[in-house]
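Geometric and topological summary
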Amino acid sequence: MLRCAKALPIMTDRPMSFQRMILTLHDYWSDRGCLILQPYDMEMGAGTFHTATTLRALGPKPWNAAFVQPCRRPTDGRYGENPNRLQHYYQYQVILKPSPADLQELYLGSLAAIGIDFTKHDIRFVEDDWESPTLGAWGLGWEVWCDGMEVTQFTYFQQMGGFDMKPVAGELTYGLERLAMYIQDKDSVYDLAFNDAGVTYGEVFHENEVEMSTWNFEVADTDSLFDSFRKHVAECENSLAAGLPIPAYEQAIKASHVFNLLQARGVISVAERQAYMGRVRDLAKGSCQAWIEKHTPAWQEAYPGWTA
Amino acid sequence: MTDFLLELRSEEIPARMQDRAREDLAKQFAAELAKAGLAATELVTYATPRRLALIARGLPTETAAVSEETKGPKASAPPQALEGFLRKTGLTREQLVERDGVLFAVVDKPGRATAGVLAEAIPAMIRAFPWPKAMRWGGASTTMESLRWVRPLQGIVALFGEEIVPVEIAGITSGAATVGHRFHHPGIITIGWADDYVEKLRACHVIVDQAERRQIIALGATMAARKAGLELVQDEGLLTENAGLTEWPVPLLGRFDAAFLSVPPEVIQLTARVNQKYFVCRDADGALADAFVCTANIDAVDGGAKIVEGNRKVLAARLSDAKFFYETDLKVPLEAQAEKLDRIVFHEKLGTVADKVARVAKLARWLVEEGIVSSKPLPFRGGVGGGAVPASDGQIAELPHPNPVAGRSGSQPDLNRAGRGSPATPEGEGLKEELANLAHRAALLCKADLVTGMVGEFPELQGLMGGYYAAAQGEDPRVAAAIRDHYKPVGQGDDVPTDPVTVAVSLADKLDTIAAFFAVGEKPTGSKDPFALRRAALGVISTVLTGNIRFALNDAVAAATWQWPMASVRNPVGRAAERFDELRRLLNPDAKAAETFFRAELEAAAEEVEQDEIKVSERLAKSVVATVDFFADRLKVQQREAGVRHDLIDAVFALGGEDDLVRLLARVHALQKFIGTEDGTNLLAGYKRAANILKKEGVPSSPSPLRGEGRGEGDASTSVPLETAAQPLSPQKALSYTPEPAETALATALDSAEPAATAAIAREDFEAAMAALASLRAPIDTFFETVIVNDPVPEKRTARLALLDRVRAAVHNVADFSRIEG
């Protein structure tokens, strides 16, 4: 049916394991000219925080990359008891700048590659506009449904760090665990086959969920968290003053994660919440601005007439 | 005559925008055609997730030829004039036409090819298309000038007859090719002309007509349910949404685990509807069934088995979340939840939700104890919610008014005193106390569900969940119902509470919100009403009018207004005292000097706070007045829709003493009826004439009987009674001259009309009051016809002015006619 779905490398009766799915996506996007990057080595709430998305989305230079990003959302922890909710999970991110004209077809091709049959499954693009107040970013797009389940966030970024996208980048964020549960027909994330040799997702991550949920909700020392928040804010400002947008941005990400932990510990009141988020947003925006200012001369030289 | 087809194909258009987009497309197209003097005989529009299309039928192939004639100089005019005209028109002398000695330039403009008009119109329409939210995309988006569309635009079909209308925009060239269903027929389809568009696409698994897709879904879903022995719960919104999400809709029925039915049906329905866009079903007994209907966008090769299975799983995950929240919430008593409300800020200037709850509970009790809300069965008043108040005789039901008009000055009422409003019978007191306790209890718990897991997940279930949890923990059913319904009415058409416990909590909640925001200066302005105070006021008005609730709005607003801010002022004193104690504890207790110092500081602080209290009192008194005025405005807006003239409401409000909404409207309705009669129109004219003369002569208004009881000081100071004016105009004095017959007649009419109107108003019979005024009409008319007011004899002039002043005063008994337009 779909023309661009290429023949699958391995087609067995057994559905794809978690890692095989990742490898297949890597192959798929690598074949289509994407850099295959590794996860950012810092705690973050979403793949969008990876500098390969945030910072690289800015400016006129083409940029095509794909990577897996572990995401940490402390408040989503359920001590390993909920089959669908995790405080640590994986997103598969693809960022394509400028957004190619056939982005939807490319995306559907990737679904076909991991074994989704469009003659039996109902794929739908349902309006879902994306906004990240923390990053000062927004875009229009859809959540992609497969038989009623949201498997991907599909977004055309319009702004990042408060700056208009010139040009617009397309971002695909696959929820890997959900997709795998779907493909493998499992009701619990912990029952997923991680590899083809009998190791389950639960064996790899269950204990992690139990312990991290406990720490996030009950143990993490809030005084030192408040202290780190302040220090990351200060360090971000320090880096900005030194004209170093990348280290500044890293500090913003750290502050954002510490804020998430404080939220999980339930020590930030509703009233304070806005103020903290505003703080993180200012840091992230400041970093983006510094990045743009630093590179604008080179960009303008390579792309005459381009302006931020 | 030729037909035109336009298809704008894009990536998926949000379902909610499609209907509006069709309208806008038709509107824009018609406007572009009109510019060229063209009009289609018929315009049809279609929308699917991937295309927006228009078919215009019956267009001419060319626009009409136009002959433009410009008048020039006379044939006999000097050569300079002729040269100028030739230059202007670009013609030669030979080309001009002479008629009756005058030269004309005649330019024949041939018709334009309609295709050319269309080729220009299409890009203009696309660029100016009013999407509620549009985006940029692709390589062209390096500048902000690149085309914006709802989602990336992918193709344009533009056919006039069988010819392609050439258009190029944003790198897209128009043609005759489109695509079919994304999965069933992804290849290219060539459209021949407008008439085969719909059928060609249908052959490629695209139902272009949204109405047809709706029908397919409605029928398919109903049949699927019926086949399972169930009844589909109809949902127009879902029909439209699913039609907007599919090009080839296939409704499929699935089942979910019946164990989830222990969750309240509203929750299941909401989860299914909002998150998954599923319909739900009822069983033969009308109870929610363990089934859902989803709408797929493909004809699956396995008949949809996998699709149903996938959707079932997603719904199960959602429902197990909901069930988890519900069961977890049930384990925590509402009192315990309510304690957590002190962590939620209601508004930065107004404290926490817990503070609000305390105020609402007090106010709800007060409303009952004052007899404003009572459990007496209410007399039926025609109409519900819209404030269609008066029974046809213009008389309002004879309920004793709970708050005799008195002492409304915005001063501080005491919410802690016992009720002393209505005449109490021992039995009535018992009922009242019970009602007050129920209202108080319901109010204390009414916001507790805000901190429950379920409402955290589905904010739109606020109230409803509280009602469930209250019932589950064995609260009185009236308390549970009040918790459930106290947000009502949320908008026009919503149910208006009528159960007294609910009414008390609902009124208290809304009055508190409005009064509190007004007191801190957060009033709605223009289009900004961030705290939805207008809606809250309308809710109060509908509830009061529907329940025929008699009370002085001023008192209730004052009661609400005075509740919280004094506490916020007094707090600093308390805090200062605490700080002082703390300091004393920290310091050496023997350090007398320090203690003396701090004590002095504390006293100074207390003094300051006292001053602040006075300021706050003044501010609050003003706030009460502003809030009541705000209600008057809302009432006007609400009544305008019911066909009541706003100037008549103004005329009654202007009397100042009228803030019982039920009585006010009865009065307005009687007035409107009266003004519509010939007597009314003529009396109004007579009144205006009298008022103008009095104004010109500088005779201030006499206080009307009601006016004196009005808002108090403010009104009294602006109206100086005639008796104290420079010229004593007492009409009662024996006249020093022989009055004209018309003068006598008017005086006599007034002698009977005044007391009749006053008495009628006292018994709230406003029709009778109007009738009394109507009796003045003829004497006034005759008076103006035959009597000269401005007589050179001072006594005559004075006496006649006094007479007119009596007319004005008598009319003011009923309404301030000067506010009436026309």
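None of the values given here were measured: they were computed from a predicted structure.

The helix and strand inventory of chain B stands at 27 helices and 18 strands. Counting across all 822 residues of chain B, residues that qualify as buried make up 50%. In chain B, the share of contacts with a sequence separation of at least 24, taken over all contacts with a separation of at least 6, comes to 73%. Accessible surface for chain B amounts to roughly 36700 Å². Of this, 54% is attributable to carbon and sulfur atoms.

Right, let's talk about the interface of chain B and chain A for a bit. Each partner contributes residues to the interface: chain B has 49 residues there, and chain A has 43 residues. Buried surface at the junction of chain B and chain A, both sides included, amounts to about 3900 Å², of which 54% is carbon and sulfur. Taken together, the links from chain B to chain A amount to 8 salt bridges. Residue A:Arg85 is joined to B:Glu457 by a salt bridge in which the shortest nitrogen-to-oxygen separation is 3.9 Å. For the pair chain B and chain A, the interface holds 20 residue pairs in polar contact (both at pLDDT 80 or more). Among the secondary structure elements, those contributing two or more residues to the side of chain B that touches chain A are α7 (265–276), β16 (288–296) and α8 (305–330) of chain B. Among the elements that make up the side of chain B that touches chain A, the one with the highest residue count is α8(B) (9 residues). The class makeup of the residues in the side of chain B that touches chain A is 22 nonpolar, 13 polar and 14 charged.

Our next topic: the sheet that holds strand β2 (residues 42–48) of chain B. Residue and element names in this part refer to chain B. Taking strand neighbours across the sheet as the criterion, the 5 strands line up as β2-β3-β1-β7-β8 in an open arrangement whose pairing is antiparallel. Of all the strands in the sheet, the pair left with one neighbour each is β2 and β8 (163–164). Both strand β7 (residues 153–160) and β8 contribute to a ladder of 2 bridges, which runs antiparallel. Paired with leucine 159 across the bridge in β8 is isoleucine 164. This element, helix α4 (residues 194–203), spans β1 (2–10), β2 and β3 (51–59) of the sheet and lies at about 40° to β1.

A few words on helix α10 (residues 353–369) of chain B. All names here are of chain B. Across its 17 residues, α10 extends 24 Å between first and last C-alpha, which sits within 8% of the 24 Å expected from 1.5 Å per residue. Of all 17 residues making up α10, 12 are buried, and the element is well covered by its neighbours. Its side-chain oxygen 3.2 Å from the backbone nitrogen of alanine 354, threonine 352 forms the N-cap of α10.

Charged atoms that come close allow side chains of opposite charge to pair. Residue and element names in this part refer to chain B. Under the defined criterion, the tally for this structure stands at 70 salt bridges over all chains. As a salt-bridge pair, arginine 214 and glutamate 236 come within 2.4 Å of each other at their nearest N and O atoms. Taken together, the positions of arginine 214 in helix α5 (residues 210–227) and glutamate 236 in helix α6 (residues 236–243) put the pair 22 residues apart, joining distant regions of the chain. Looking at arginine 214, the relative accessible area reads 25%, which means it is partly exposed. Residues arginine 800 and glutamate 740 are paired through a salt bridge, measuring 3.9 Å at the closest nitrogen-oxygen approach. Of the two residues, arginine 800 is situated in helix α27 (residues 794–812) and glutamate 740 in the loop between α23 (713–718) and α24 (741–762); the sequence distance between them amounts to 60 residues. Judged by its relative accessible area of 32%, glutamate 740 falls in the partly exposed class. The structure contains a network of salt bridges with shared partners spanning Lys356, Arg359, Lys447, Asp509 and Asp512.

Let us now look at the sheet that holds strand β6 (residues 102–109) of chain B. Residues and elements named next belong to chain B. An order of β4-β6-β5 is seen for the 3 strands of this open sheet, with the pairing classed as antiparallel. Across the chains shown, the open sheet's two edge strands, defined by having one partner strand only, are β4 (66–74) and β5 (97–99). Averaged over all neighbouring strand pairs, the angle between strand axes comes to 35°, with direction disregarded. Two elements, β4 and β6, share 7 bridges in a ladder whose sense is antiparallel. Note that in β6 the partner of lysine 74 across the bridge is valine 102.

This part covers the nonpolar core. In this structure, A:Trp29, B:Phe4, B:Met454 and B:Phe817 are the most contacted members of the largest nonpolar core, which totals 272 residues. A per-element tally of this core places helix α15 (residues 500–519) of chain B first, with 13 residues. Beyond its immediate sequence surroundings of up to four residues, B:Met454 is in contact with B:Val263, B:Val267, B:Ala322, B:Phe325, B:Tyr326, B:Asp329, B:Leu461, B:Met465 and B:Tyr469.

The next subject is the packing of aromatic side chains. On inspection of all chains with the given rule, the structure shows 37 aromatic pairs over all chains. Against the face of A:Trp63 rests A:Arg56, its NZ or CZ located 4.3 Å from the ring centre.

Within the structure shown, the criterion is met by 0 disulfides over all chains. For the unlinked cysteine A:Cys288, the closest cysteine sulfur is that of A:Cys236, found at 10 Å.

Okay, the confidence of the model for chain A next. On average, residues of chain A score 92 in pLDDT, and 95% of them reach the 70 mark or higher. Residue range residues 1–11 of chain A is modelled with pLDDT below 50. Its contacts to residues more than four positions away, or to other chains, number 19 contacts.

Once that is clear, we can look at the side chain of B:Thr543. Locating B:Thr543 in the fold gives a position in helix α16 (residues 533–546). Ignoring anything within four residues of it in the chain, the contact list for B:Thr543 reads B:Pro489, B:Val496, B:Pro497, B:Val503, B:Leu507 and B:Ile549.

Here the focus is unusual backbone geometry. Residues A:Lys166 and A:Pro167 are joined by a peptide bond in cis, for which omega reads 5°. In this structure, B:Lys277 takes a positive phi of about 60° despite not being glycine. Within the secondary structure, B:Lys277 sits in the loop between α7 and β15 (279–282). With a relative accessible area of 11%, B:Lys277 lands in the buried category.

All names here are of chain B. Under the 1.5 Å per step criterion, the end-to-end length of helix α3 (residues 114–127) is 20 Å for 14 residues, consistent within 8% with the ideal 20 Å. By the burial criterion, the buried members of α3 are Thr114, Val117, Leu118, Ala121, Ile122, Pro123, Met125 and Ile126. If you follow the buried residues of α3, they end up packed against β1, α1 (18–35), β3, β7 and β9 (168–169).

Tracing the chain through its elements places B:Lys306 in helix α8. Relative accessible area serves as the criterion here: at 43%, B:Lys306 is assigned to the partly exposed category. Among residues more than four places away in sequence, those in contact with B:Lys306 are A:Lys120, A:His121 and A:Asp147.

This part takes up the pairing of strand β6 (residues 137–146) of chain A. Residue and element names in this part refer to chain A. Of all 10 residues making up β6, 9 are buried, and the element is well covered by its neighbours. Both strand β4 (residues 123–127) and β6 contribute to a ladder of 5 bridges, which runs antiparallel. Paired with phenylalanine 125 across the bridge in β6 is valine 144. In the sheet, strand β5 (residues 130–132) pairs with β6 via 3 bridges, with the strands oriented antiparallel.

Our focus in this paragraph is the packing of helix α14 (residues 477–485) of chain B against α15(B). All names here are of chain B. Interhelical geometry of α14 versus α15 gives an angle of 40° and a closest axis separation of 8 Å. The pairing of α14 with α15 is recorded here as oblique in orientation. Crossing of α14 against α15: the hand is right-handed. The segment α14 lies against α15, with Arg478, Ala481, Ala482 and Asp485 engaging Val501, Thr502 and Val505.

Take the packing of helix α22 (residues 678–696) of chain B against α27(B) next. Residue and element names in this part refer to chain B. Remark: α22 packs on α27, axes separated minimally by 9 Å, with the N-to-C direction vectors making an angle of 125°. The orientation of α22 with respect to α27, classified from their angle, is oblique. The interaxial crossing formed by α22 with α27 has left-handed handedness. On the side of α22, the interface is formed by Tyr687, Ala690, Ala691, Ile693 and Leu694, while α27 contributes Leu801, Leu804, Asp805, Arg808, Val811 and His812. Residues belonging to the contact of α22 with α27 are distributed by class as follows: 8 nonpolar, 1 polar and 2 charged.

Turning next to the environment of A:Ala264. All names here are of chain A. In this structure, alanine 264 sits in helix α6 (residues 245–264). Sequence separation between alanine 264 and phenylalanine 217 is 47 residues, and the spatial gap between their C-alpha atoms is 5.4 Å. Setting aside anything within four residues of it in sequence, one finds alanine 264 in contact with Pro74, Thr75, Asn216 and Phe217.

What counts and what doesn't
- Residues numbered from 1 in each chain as written.
- Chains lettered and ligands numbered in written order.
- Predicted model: local features only at pLDDT ≥ 70, side-chain atom pairs only at ≥ 80, totals over all residues.
- Heavy atoms only, no water.
- Helix = DSSP H or I, 4+ residues; strand = E, 2+ residues; numbered from the N terminus.
- Buried < 20%, exposed > 50% of the residue type's maximum accessible area, 1.4 Å probe, protein only.
- Contact = heavy atoms within 4.5 Å.
- Areas by Shrake-Rupley, 256 points an atom, 1.4 Å probe, with all protein chains shown as cover.
- Buried area = accessible area lost by both parts, 1.4 Å probe.
- Salt bridge = Lys/Arg side-chain N within 4 Å of Asp/Glu carboxyl O.
- Polar contact = N/O pair within 3.5 Å; in protein donor to acceptor, adjacent residues only side chain to side chain.
- Nonpolar A, V, L, I, M, F, W, Y, C, P; charged D, E, K, R; others polar.
- Pairing = 2+ DSSP bridges.
- Axes fitted to C-alpha atoms, helices over the stretch in contact; angles between N-to-C directions.
- Expected span 1.5 Å × (residues − 1).
- Core = buried A, V, L, I, M, F, W, Y, C linked by side-chain atoms within 4.5 Å.
- Phe/Tyr/Trp six-rings, centres within 6.5 Å; stacked < 30°, edge-to-face > 60°.
- Lys NZ or Arg CZ within 6 Å of the ring centre and 35° of its normal.
- Disulfide = S-S within 2.5 Å.
- pLDDT = per-residue confidence, 0-100.
- Parallel < 35°, antiparallel > 145°, perpendicular 65-115°, else oblique.
- Left-handed = near helix turned anticlockwise from the far one by under 90°.

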